Amino acid sequence: MSKKSRLVFDLANSLSSRAILQNMEKFPSSHEKPPAGPPPLPEPVPVPPPLPERPEMPETESSRQSRNIVRESKWARLAADKDIQEGLGALARTAANAGISLADLMPAGIGEIGSWGADALKWTNWILRGLGLIEKNIDLTPSVSKMTATGSEAFEFISLGLMPSHAIETLLQLKREDLPKIRKMIVRIKKILAEEQADYLNNKREIDDAMEAFNNHDDHE
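None of the values given here were measured: they were computed from a predicted structure.

Q: Sorry if this is basic, but what is going on with the packing of helix α3 (residues 82-103) against helix α7 (residues 166-202) here?
A: Geometrically, a packed helix pair is captured by the angle between its two axes and the distance between the axes. One way to put it is that α3 packs onto α7 with a least axis distance of 8 Å and a crossing angle of 150°. Classified by chirality, the crossing of α7 by α3 is left-handed. Classifying every residue of the contact of α3 with α7 gives twelve nonpolar, seven polar and eight charged.

What follows is the structure, given as structure tokens:
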């Protein structure tokens, strides 16, 4: 190799080595540890100012009248509901049977009057309905058979009147019919009240405007 060629070769190697060193300084090795210290905190998000509270509007006469109309509609719907009617009947029947069962605890045969009277009413109801003389069921324990009701009175003689035999009929009636109807009634009442409240809130403005227009019409006359 000539001297001139050697100088050119050495110069090329020198320039190549310098370029490699510059690239290494520009892109640090992956083995180098990151600088110590906590990561920078994110910038705080600005919180919007709270909205001003809306002043409560005084209740007008139209609002009171519309609320009374909705209340009357609500009670009318509750009274007309079949499930609620049956639930109220079951509740009244349960109260009557519980009273007879408590009275049946009285000694000396006094408490048996109510129990035997309920059994007599069951047989009378069966005869009158069979003859077509009445349509409404006046039996206090319609879910208990006549033989079960009459046969339970045998416990009165066995226990010398200490055991309230009508409690057997009361519990059977409550479990088979009355308690499910009472629960269903409660569910229906909650549902109707919620629907009426939601309907009133959704149409409150229209109802109030209608009442105000009606009142203004009366005032002009």
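Following the structure, the description resumes.
Q: Help me understand the packing of aromatic side chains, please; the structure alone is not making it clear to me.
A: Aromatic ring pairs are reported here in terms of the distance separating the ring centres and the angle at which the planes meet. As enumerated under the stated definition, the model contains one aromatic pair in all. Measuring from ring centre to ring centre gives 5.8 Å for Trp123 and Trp126, while their planes differ by 90°; the resulting arrangement is edge-to-face. Linking Trp123 with Trp126, this pair stays in helix α4 (residues 112-130), spanning three residues, or about one helical turn. Note on Trp123: relative accessible area 30%, which makes it partly exposed. Above the face of the Trp123 ring, Lys146 is positioned so that its terminal group lies 5.7 Å from the ring centre.

Q: Please explain the environment of Thr94 as it appears in this structure.
A: Relative to the helices and strands, Thr94 is located in helix α3. Spatially, the C-alpha atoms of Thr94 and Ile182 are 9.9 Å apart, while their sequence positions differ by 88 residues. Other than its neighbours up to four places away in sequence, Thr94 contacts Leu174, Asp178 and Ile182. A distance of 3.4 Å separates a polar atom in the side chain of Thr94 from a polar atom in the side chain of Asp178.

Q: Can you help me understand the nonpolar core in this one?
A: Nonpolar side chains in soluble globular proteins tend to end up buried together. The biggest cluster of nonpolar side chains holds six residues, and these are Leu78, Ile84, Ala90, Ile182, Met185 and Ile192. Secondary-structure elements contributing two or more residues to this core are α3 and α7. It is α7 that provides the largest number of residues to this core, a total of three residues. Those residues in contact with Ile192 that lie beyond four places of it in its chain are Arg77, Leu78, Asp81 and Ile84.

Q: Where do I start with α4 in this structure?
A: Given 3.6 residues to a turn, an α-helix orients residues that are three or four positions apart in the same direction. Taking 1.5 Å per residue as the helical rise, α4 with its 19 residues ought to reach 27 Å, and the 27 Å between its terminal C-alpha atoms agrees with that figure. Residues Glu112, Ser115, Ala118, Asp119, Lys122 and Asn125 constitute the buried set of α4. Relative to the axis of α4, the buried residues are bounded by an arc of 160° and lie together on one face. Gly132 sits one or two residues past α4 and shows a positive phi near 75°.

Q: Any chance you could explain α7 here in plain terms?
A: Taking 1.5 Å of rise per residue, 37 residues should cover 54 Å, and α7 covers 51 Å from first to last C-alpha, within 8% of that figure. At Leu174, α7 shows its largest bend, some 55°. By the burial criterion, the buried members of α7 are His166, Glu169, Thr170, Gln173, Glu177, Asp178, Ile182, Met185, Arg188, Ile192, Glu196 and Tyr200.

Q: Looking at this structure, I do not really get the pattern of salt bridges. What am I missing?
A: Side-chain pairs of opposite charge can arise where the charged atoms are in close proximity. Taken as a whole and judged by the stated rule, the model has eight salt bridges. Arg188 is the partner of Asp81 in a salt bridge, and the nearest nitrogen-oxygen pair spans 2.7 Å. Taken as a pair, Asp81 in the loop between α2 (61-80) and α3 and Arg188 in helix α7 lie far apart in primary sequence, 107 residues in all. You'll find Asp81 and Arg188 in the same group, each marked buried. Among the ionic contacts, a cluster of salt bridges with common partners joins Arg93, Glu177, Asp178 and Lys181.

Analysis parameters
Note on numbering: residues in each chain are counted from 1, in written sequence order. Whole-chain, interface and lining totals are the exception, using all residues; otherwise, since this is a predicted model, local features are given only for residues with pLDDT of at least 70 and side-chain atom pairs are given and counted only at 80 or more. Excluding hydrogens and water, the side-chain figures rest on all heavy atoms present in the structure. Every axis corresponds to a line fitted to the C-alpha atoms, with the helix fit spanning only the stretch in contact, and the corresponding angles, defined between N-to-C directions, vary from 0 to 180 degrees. A helix here means a DSSP run of H or I that spans at least four residues, while a strand means a run of E at least two residues long, and both kinds are numbered starting from the N terminus. Left-handed is the label given to a crossing in which the near helix is rotated counterclockwise from the far helix by less than a right angle, and right-handed is the label when the rotation is clockwise. The classification used treats Ala, Val, Leu, Ile, Met, Phe, Trp, Tyr, Cys and Pro as nonpolar, Asp, Glu, Lys and Arg as charged, and all other residues, Gly among them, as polar. To pair, rings of Phe, Tyr and Trp, with the six-membered ring standing in for Trp, must have centres within 6.5 Å; the planes then decide the type, stacked if under 30 degrees apart, edge-to-face if over 60, and tilted in the middle. Per-residue accessibility, obtained with a 1.4 Å probe over protein chains only, is compared with the maximum for each type, and a residue is labelled buried under 20%, exposed over 50%, and partly exposed between these values. Should the NZ of a Lys or the CZ of an Arg lie within 6 Å of a ring centre and within 35 degrees of the ring normal, that charge is described as sitting over the ring. Here, two residues are considered to be in contact whenever any of their heavy atoms come within 4.5 Å of each other. In the analysis that follows, any N or O atom pair within 3.5 Å is treated as a polar contact, provided that within protein one partner can donate a hydrogen and the other can accept it, and provided that, for residues neighboring in sequence, both atoms belong to side chains. Only buried Ala, Val, Leu, Ile, Met, Phe, Trp, Tyr and Cys residues count toward a nonpolar core, and they belong to the same one when joined by side-chain atoms within 4.5 Å. Given a helix with a known number of residues, its expected span is that number minus one, times 1.5 Å. What the arc covers is the set of directions going from the helix axis to the C-beta atoms. One axis fitted to the seven residues ending at a residue, another fitted to the seven starting there: the angle between these axes is the bend at that residue. Definition used for salt bridges: Asp or Glu carboxyl oxygen within 4 Å of a side-chain nitrogen of Lys or Arg.

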